[in-house]
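# Coordinate inspection notes
Letter by letter, the chains look like this.
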Amino acid sequence: MRLLVTTNGIWYSGAQVATNEFLSFLAKLNDIEIKIVSCLGGEYALFPDNVEVHRVPCWNVGALLQMKPDSVFERLVRWADAVWIATGEFAVVERVKRIKKLPVVAHLHSYEPICPIMWFSYGFNGVCGRKCSPWLLTRCKQSANRFFAEIGLLDKLRAGAYWLLDFGKGSLDYFRWKRIIDPFVDSVDVFVAVSNAMRDIVVSHLPEVRDRFVVVYNPAAHRPWRYISSFPDESGDYILYASGANLVKGPHVLLNALKILLNEGIDMKLYMTGTSGSWVEGLARRLGVEEWVKFLGRLSDADYFNMMAKAKALILPSIWPEAFGLVVVESISLGVPVVGSNRGAIPELVGSYGITTNPTPEEVAKAISTIIERRFDKHEMRRYAFERFGSGNVERFISLLESLVK
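Anyway, here's the lowdown on the structure attached to this text.

## Concerning the nonpolar core
Where a protein is soluble and globular, its nonpolar side chains tend to be buried together. Counting 127 residues, the largest nonpolar core has Phe184, Leu255, Leu270, Met272, Phe324 and Ile368 as the members making the most contacts within it. If sequence neighbours within four positions are ignored, Leu255 has contacts with Leu270, Met272, Val280, Leu283, Ala284, Leu287, Val289 and Val293. Judged by nonpolar contacts, the second largest core, of 24 residues, contains Leu23, Leu26, Val192 and Ile398.

In structure tokens:
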């Protein structure tokens, strides 16, 4: 089978990490030949050796990314037996179908088919949970900007200016998104969702695509063990937040939870990756908890996984429905339990190896104080992660591709 893959590599994200994992497994197989189209400057797409890669210009349209096909792209489409849209390059689907009637599989790592601005889709006071429209998107953006002002991410003057601008920007974003997404939804043969929760949310908005959905988990469990040789003898004295300064991941919830724990006399250290120099540091200072927090930038994979393996727990208090939650799988694979919100796929991933709760400071603080007293079988956690989120998912994906080509 000859498989043409599009993957942008523009952002360091869970979607790109998962795609890199898929590619590393697929490239080792003798009966699949891969060629890749990626973006100029797509540094985060890590390609296997001896795989042909063609680079094209790319640009953003809201949460979507457009590639500029050329004559080489057309040659690659004619060469292929199937096309895999791996990380959101949805606009190329219509072009592919015009060149050659190929089966096209689109991996959905988030909610782009139902909302133009994915991180505004859910979680901001319920404003954005219904089917998208120009007015709903406008209200959603305005609600988000007010929320940013409440937590100090925006000053009131700027939030007010954005509120006015969103009356025009909301409709513009909607129609630019609609122009790309409608042909994409109509043209794709199979959508691959990364969790049952995500599939259910998208299908609730687009019931007409229900029969074209399959769920294949990301093969994320093996990756940490390329950098870790064994479980550490002792855990460290800290809990870990590993999701950066993105508001929807709930770092503000966690810092307020930390304040509650400290007021209750629980001496707790918190490590936060991807937050150094961000608004999260300023919030910690305002809350008076900065002394107990270690703000970190982006770490090497080896340093990151060694730090994760020694944590007492991983905390992911997301305020939106996580489509997957890569850090959850990585943590469980390393025998580290998880405190996560009860949003999206997090409960589906955590299983029995952590606690999921409402993403409020009070509930998260309670869950943290409970989880650090529990003991888990690390070897059983690793077995669970490998079985559910391991290379078996690559085999399922290959079976899907083969059935489409046949």
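Read on for the rest.
## Focus on the environment of Ala257
By secondary structure assignment, the location of Ala257 is in helix α7 (residues 251–263). Apart from the residues lying within four places of it in its own chain, the contact partners of Ala257 are Pro361, Val364 and Ala365.

## Digging into the packing of aromatic side chains
Scanning all chains against the criterion turns up 20 aromatic pairs. When the ring of Trp84 is compared with that of Phe397, the centres are 4.8 Å apart and the planes differ by 55 degrees; the resulting orientation is tilted. Taken as a pair, Trp84 in strand β6 (residues 82–85) and Phe397 in helix α14 (residues 392–405) lie far apart in primary sequence, 313 residues in all. The burial state of Trp84 is the same as that of Phe397; both residues are buried. On the numbers, 4.2 Å between centres and 20 degrees between planes, the contact of Phe90 with Phe184 is stacked. Of this pair, Phe90 sits in the loop between β6 and α3 (92–99) while Phe184 is found in helix α5 (residues 156–187), placing the two residues 94 residues apart along the sequence. Across the pair, Phe184 and Phe90 agree in class, each one buried. An aromatic cluster of at least three residues, connected via ring pairs, comprises Tyr217, Phe324, Tyr353, Tyr384 and Phe389. Just above the ring of Tyr271 sits the side chain of Lys294; from NZ or CZ to the centre is 5.2 Å. The aromatic ring of Trp225 is capped on one face by Arg382, whose charged end is 4.0 Å from the ring centroid.

## Considering the packing of helix α4 (residues 134–150) against α5
Relative to each other, α4 and α5 sit at 150 degrees, their axes nearing to 8 Å. The two elements α4 and α5 meet at a crossing, and its hand is right-handed. Where α4 approaches α5, its residues Pro134, Trp135, Leu137, Thr138, Lys141, Gln142, Asn145, Arg146 and Ala149 are matched on the opposing element by Ala159, Tyr162, Trp163, Asp166, Phe167, Lys169, Gly170, Ser171, Asp173, Tyr174 and Phe175. When its residues are assigned to classes, the contact of α4 with α5 shows 10 nonpolar, five polar and five charged.

Rules of the game
Residues numbered from 1 in each chain as written. Predicted model: local features only at pLDDT ≥ 70, side-chain atom pairs only at ≥ 80, totals over all residues. Heavy atoms only, no water. Core = buried A, V, L, I, M, F, W, Y, C linked by side-chain atoms within 4.5 Å. Buried < 20%, exposed > 50% of the residue type's maximum accessible area, 1.4 Å probe, protein only. Contact = heavy atoms within 4.5 Å. Helix = DSSP H or I, 4+ residues; strand = E, 2+ residues; numbered from the N terminus. Phe/Tyr/Trp six-rings, centres within 6.5 Å; stacked < 30°, edge-to-face > 60°. Lys NZ or Arg CZ within 6 Å of the ring centre and 35° of its normal. Axes fitted to C-alpha atoms, helices over the stretch in contact; angles between N-to-C directions. Left-handed = near helix turned anticlockwise from the far one by under 90°. Nonpolar A, V, L, I, M, F, W, Y, C, P; charged D, E, K, R; others polar.

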